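For reference, the chains in residue letters:
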Amino acid sequence: MRKDYDEIEEIIEETIEELEKEYDLDEKDIEEIREEIYTDNGWKYNRHTGEGYLEEEHEEVTYTFFYNNFEAVGMRMRDFL
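A short tour of the structure in this document, coming up.

Calculation notes
Residues numbered from 1 in each chain as written. Predicted model: local features only at pLDDT ≥ 70, side-chain atom pairs only at ≥ 80, totals over all residues. Heavy atoms only, no water. Helix = DSSP H or I, 4+ residues; strand = E, 2+ residues; numbered from the N terminus. Buried < 20%, exposed > 50% of the residue type's maximum accessible area, 1.4 Å probe, protein only. Areas by Shrake-Rupley, 256 points an atom, 1.4 Å probe, with all protein chains shown as cover. Salt bridge = Lys/Arg side-chain N within 4 Å of Asp/Glu carboxyl O. Polar contact = N/O pair within 3.5 Å; in protein donor to acceptor, adjacent residues only side chain to side chain. Contact = heavy atoms within 4.5 Å.

Focus: the overall build of the chain
Here is step 1 of the chain: A tally of regular secondary structure across the chain gives three helices and two strands.
Here is step 2 of the chain: In the chain, the succession of α and β elements from N to C terminus is α-α-β-β-α.
Here is step 3 of the chain: Counting over 81 residues, the chain shows a buried share of 23%.
Here is step 4 of the chain: Carbon and sulfur atoms make up 48% of the accessible area of the chain, which totals about 6600 Å².

Below is the structure:
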């Protein structure tokens, strides 16, 4: 069963706390830990935003973003398809 966002964030925090007791983690290490935990739980991870997302959610958000922005300037999605 896929874990939800809050459960994954809790796992990440616990993992980082545990590893920081033994190692000196830098920002790159923390990003790698976050990415690994997200992907192990069936999520995608965007290093630029630092957020995890489900593929279906990302596609819908992207489509809605472009649709709304094209509408704002008088264009339509079909102009680009």
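The rest of the description comes next.
Observations concerning the pattern of salt bridges
Any two side chains of opposite charge can pair if their charged atoms end up close together.
Here is step 1 of the chain: Scanning the entire structure with this criterion turns up two salt bridges.
Here is step 2 of the chain: Between Arg34 and Glu9 there is a salt bridge, and its shortest N-O distance comes to 2.8 Å. Of this pair, Arg34 sits in helix H2 (residues 27-40) while Glu9 sits in helix H1 (residues 5-22); the two residues are 25 residues apart in sequence, bridging distant segments of the chain.
Here is step 3 of the chain: In this structure Arg34 comes out as buried when scored by relative accessible area, which is 13%.
Here is step 4 of the chain: Salt-bridge contacts for Glu18 lead to Lys21; the nearest nitrogen and oxygen are separated by 3.9 Å. Of this pair, Glu18 and Lys21 are both found in helix H1, three residues apart, which corresponds to roughly one turn of the helix.

Let's talk about the side chain of Asn41
Here is step 1 of the chain: Along the chain, the position of Asn41 falls in the loop between H2 and strand E1 (44-46).
Here is step 2 of the chain: Take Asn41: its relative accessible area is 18%, and that puts it in the buried class.
Here is step 3 of the chain: From its side chain, Asn41 meets the backbone oxygen of Ile37 in a polar contact 2.8 Å long.
Here is step 4 of the chain: Ignoring anything within four residues of it in the chain, the contact list for Asn41 reads Arg2, Lys3 and Ile8.

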